[in-house]
Amino acid sequence: MALWGTIYDMLLIAAVLTQQGTQADPSQDLFCFRHHKNSAVNCTWSPSDVTPTNYTFYFQEKGSNDPTEISTCLHSLTLERKQFTAGRAYVAWVKTNGTEREESLTRLEFIIDDIVKPLSPAAVAGELIKNTPNTICITWQKPNNIDSSKNLQFKLQYRDVNHLSWTEVPQDEIGIHATAYELENLQPFTFYEFRVQCAREGETNRRLWSEWSAVSRIRTSEGSPVRSLDLWFMRQPDLDRLWMLTVLWKRLEHHQARGIIQKYTVVYRDGEMMTEEAITVCCNFSLPNTTQWVNVTAHNSVGATQPAKLSLTADLPSPFNMTVHSRNHSVLVSWERPANAIPEEFVVEWYKINSEYTLDWRKVPAQNVSVTLRGGLLRPLLLYRLSVYARYQAGLGGPVSTLVYTEEGVPLAGPEISILNISQTGVTLLWKDLPLDQRRGFIQFLTLYYVKNPDRLSKKKGLNLSNTLNRYTLLHLEPDSTYTIWMTASTTMGEGSRGPYLRFKTQGSQVVTWMLVALFCISAVIGALSFYFCRLYKQRIQSCSSFYLPQWCGQRIPDPRNSKVRHQLYDYPSNYYEVTAETVIHELEEIETEDKTEVPSMTSNSSTLAKDMGPSSSEGPSWTSRYSSPVETPPEASTCLEKKPVEEPATSTGVMVKPLSSTGYEKHFLPSEADVLNNEWQLANRKEWLGIEDDH
């Protein structure tokens, strides 16, 4: 029970404190004012935190005990002018939620003539003063809602347009009844803003000061430029692949130019010749490649800067041991001073690789050996070349250079692969370096992936390759198989997106093909040798083969006895081959003639051969009896021997002769007349191959 009592007491105290804090007395903020001498009285106070709230406003003439009471739910009200008398003092207070505070601090005493709030000063303007540089005169007019007989006090504030804070002029410097003021020691060629505020003389209530006037602006006159130009140079290849020298300078800041720069004067020395050029374009100028030194001056309407001089002689001691560290979107560049030389300053320059050749630089005092290039100077994910020079009065030393990323990412793509050579179990791949805009960091290594198709169950295999390679031979592949390959690139931030897919098929097995090729080559060689051997030993081969082959196989002209044309020429009766019981003997009369044999001429007409080979009508009996052998022996050829015709017995059987029709065999081997006359063997042995018996 004691514990619960203690907790209750603490909660009660907290509730009382909270109520006292939330119910602030609104009369502490009570304020009454008038817009001009004939206007009504406006009174306002701070609203209560408790809603809804009913307010009771009281006012009475000072010393009176009969207050006027007005109830309202608003935290402001307007009292008519006729309720007040000029020159008399009045007291006002506010009561909230039935609670009235009687302390004097909570009451407001006022005279209606003293609570008129002035309007803002009018016609506020600034004007430059001739022959007085860096000075402007600010003028204004009194508000028209205050009697001209009343004394007013003023406040004046001014600022540079590039600044946010205002600078206020002390009231005692402005003075009473003042309607102008001169601002001195301003910056040349600078825009300034100013405003004015007023109140009755001696007014301490800040609420009875007028509102600030509208802000006015004016620019001071020009002054001579200060500080010489920041001068540097660059060499870059031109269209003829020659190095072009260009002098560069940075545009002066506004407070340094102190006016509009109208022209630049460039003076340079090339060999023994000194040249001066005036240009109006900022901020570069092309020089001969052999220029020794150059200086540039900027001019405005009032004056000019001091000449900025740059000696372009090289081969002086340069800084060394340059290091670069990227962190928090900035780059820390460090180096060591040249040995046995003291430069006037160091120059750190940088430009973006593989893009428009825009160079920037920063000059560092000679006592410093490091500089931090913060974000905004170098963009992330882009490659820059950083260089450090030592600048002497007599020339330049360096540079020492390196490549840097302020921030790295993963590559946007992988290399595109092409095939250089392909075999049964391997393939030689070729690729190009990734474009710089796709790297987004330093490439640490490449990864080659390959998978066998169309087997979807096959797992991809990967090989990590050096980033310095641009070709690779992939071995241990299966013959006659299809593969899909692709590549990725990796930086310190991780692996990037893949490159394009490439599909290829390895070659099939070549064993059978090479065997067929070898067999064909061997056959061709054997055939060629056989043909040559047969041509060389043709006669010997013919003589050797005559023991095993028929005689007619080696003859160019076929032997008629081997022809089967006889079956087509003659149709013998069925009893032609029967031997008669009695042999009939005929007498032949032989007529001697000259021993001359005429070989019948052979033409393409097959009927001539049939006529020569067939028996005449007068020779019928004797030819029939002579060749009555049952052996099928076709007639060979006609002879030049004349035989006496013998009358054929009446009982002899006639032979039916059919028309001659040549076959493909005879046509193919049919000799020409010249072949027959040139065949010496047949002429020498005509009796033998014609079947003529020797008379002796």
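Everything numeric in this text was worked out from a predicted model, so none of it was measured. (Residues numbered from 1 in each chain as written. Predicted model: local features only at pLDDT ≥ 70, side-chain atom pairs only at ≥ 80, totals over all residues. Heavy atoms only, no water.)

Caption draft 1: Focus on the state of the cysteines. On inspection of all chains with the given rule, the structure shows 2 disulfides. A sulfur-sulfur separation of 2.1 Å characterises the disulfide bridge that pairs Cys32 with Cys43. On the sign convention where negative is left-handed, the bridge of Cys32 and Cys43, at about 110° about the S-S bond, is right-handed. Taken as a pair, Cys32 in strand 1 (residues 31-33) and Cys43 in strand 2 (residues 41-44) lie far apart in primary sequence, 11 residues in all. The pair formed by Cys32 and Cys43 is uniform in burial state, with each residue classed as buried. Here Cys282 engages in a disulfide with Cys283; their sulfurs sit 1.4 Å apart. Between Cys282 and Cys283 the sulfur-sulfur dihedral comes to about 75°; the bridge is accordingly right-handed. Cys283 sits in the buried class, given a relative accessible area of 15%. (Disulfide = S-S within 2.5 Å. Helix = DSSP H or I, 4+ residues; strand = E, 2+ residues; numbered from the N terminus. Buried < 20%, exposed > 50% of the residue type's maximum accessible area, 1.4 Å probe, protein only.)

Caption draft 2: Fine view of the nonpolar core. Counting 34 residues, the largest nonpolar core has Trp232, Trp249 and Val294 as the members making the most contacts within it. In this view, Val294 contacts Leu231, Val247, Val266, Val267, Tyr268, Leu287, Ala308, Lys309 and Leu310; residues no more than four positions away in its chain are not counted. In terms of nonpolar packing, the next biggest core, distinct from the first, is built from 21 residues, Trp140, Val169, Ile174 and Ala178 among them. (Core = buried A, V, L, I, M, F, W, Y, C linked by side-chain atoms within 4.5 Å. Contact = heavy atoms within 4.5 Å.)

Caption draft 3: Region of interest: a nonpolar patch on the surface. A grouping of Tyr532, Phe533, Leu536, Tyr537 and Ile541 is seen on the molecular surface, where their side chains present a nonpolar patch of about 510 Å² in accessible area. No other element matches the 3 residues that helix 5 (residues 511-536) contributes to the nonpolar patch. With a relative accessible area of 35%, Ile541 lands in the partly exposed category. (Patch = residues over 30% accessible without salt bridge, like charges linked within 9 Å, V, L, I, M, F, W, Y side chains within 5 Å. Areas by Shrake-Rupley, 256 points an atom, 1.4 Å probe, with all protein chains shown as cover. Salt bridge = Lys/Arg side-chain N within 4 Å of Asp/Glu carboxyl O.)

Caption draft 4: Main features of the sheet that holds strand 19 (residues 284-287). The strand order across the open sheet formed by 3 strands is 15-16-19, and the pairing between neighbours is antiparallel. Two strands bound the open sheet, and with one partner strand each, they are strand 15 (231-237) and strand 19. Averaged over all pairs of adjacent strands, the angle between strand axes in this sheet comes to 30°, irrespective of strand direction. Sheet topology places strand 15 next to strand 16 (residues 243-249); 7 bridges connect them, and they run antiparallel. What sits directly across from Pro237, in strand 16, is Trp243. (Pairing = 2+ DSSP bridges. Axes fitted to C-alpha atoms, helices over the stretch in contact; angles between N-to-C directions.)

Caption draft 5: Layout of the sheet that holds strand 14 (residues 216-219). Reading across from one edge, 11-10-13-14 is the order of the 4 strands in this open sheet, with antiparallel pairing throughout. On the outer flanks of this sheet lie strand 11 (167-169) and strand 14, each paired with one strand and no other. Along the sheet, successive strands turn relative to each other by an average axial angle of 30°, direction set aside. As defined by bridge partners, strand 10 (residues 152-160) adjoins strand 13 (residues 191-200) across 9 bridges and the pair is classed as antiparallel. Looking across to strand 13, one finds that Asp160 is bridged to Tyr192.

Caption draft 6: Focus on the pattern of salt bridges. Summed over all chains, the structure comprises 18 salt bridges. Among the salt bridges present, the one from Asp230 reaches Lys250, with a minimum N-O distance of 3.9 Å. Here Asp230 is found in the loop between strand 14 and strand 15, whereas its partner Lys250 is found in the loop between strand 16 and helix 3 (254-257), with 20 residues between them in sequence. One salt bridge connects Arg269 with Glu272, and the closest N-O pair in it is separated by 3.4 Å. Relative accessible area serves as the criterion here: at 27%, Arg269 is assigned to the partly exposed category. In this structure Glu272 comes out as exposed when scored by relative accessible area, which is 75%. Counted as one network, the salt bridges with shared partners bring together Asp230, Lys250, Glu344, Glu345, Asp360, Lys363 and Arg391.

Caption draft 7: Quick peek at the confidence of the model for the protein chain. Looking at the protein chain, pLDDT values average 77 and 70% of them are 70 or higher. Here residues 1-27 scores under 50 on pLDDT; set against residues more than four positions off or in separate chains, the count is 10 contacts. Counted against residues more than four places away or in other chains, residues 595-658, with its pLDDT under 50, gives 94 contacts. (pLDDT = per-residue confidence, 0-100.)

Caption draft 8: Geometry of the environment of Arg503. Of note, Arg503 is situated in strand 36 (residues 502-505). Once the C-alpha coordinates of Arg503 and Thr484 are considered, the two residues, 19 residues apart in sequence, prove to be 4.5 Å apart. Ignoring anything within four residues of it in the chain, the contact list for Arg503 reads Asn453, Tyr483 and Thr484.

Caption draft 9: Quick peek at the packing of aromatic side chains. Evaluated as defined, the whole model comprises 20 aromatic pairs. Measuring from ring centre to ring centre gives 4.9 Å for Phe84 and Tyr90, while their planes differ by 80°; the resulting arrangement is edge-to-face. One exposure class covers both Phe84 and Tyr90, and it is buried. With 6.1 Å between their ring centres and 70° between their planes, Phe233 and Tyr389 make a pair best called edge-to-face. Here Phe233 is found in strand 15, whereas its partner Tyr389 is found in strand 27 (residues 383-391), with 156 residues between them in sequence. Across the pair, exposure class does not vary: Phe233 and Tyr389 are buried alike. Put simply, the rings of Trp45, Tyr55, Phe57, Phe59, Phe84, Tyr90 and Phe110 touch in pairs and so form one group of aromatic residues. (Phe/Tyr/Trp six-rings, centres within 6.5 Å; stacked < 30°, edge-to-face > 60°.)

Caption draft 10: Broad picture of the pairing of strand 24 (residues 345-352). Across the 8 residues of strand 24, 7 count as buried, placing the element largely inside the fold. Where strand 24 lies against strand 25 (residues 359-365), 7 bridges are found, and the strand directions are antiparallel. When the sheet's bridge partners are listed, Trp350 is paired in strand 25 with Asp360. Relative to strand 27, strand 24 runs antiparallel, the two being bridged by 8 bridges. The partner of Lys352 across the bridge, within strand 27, is Tyr384.

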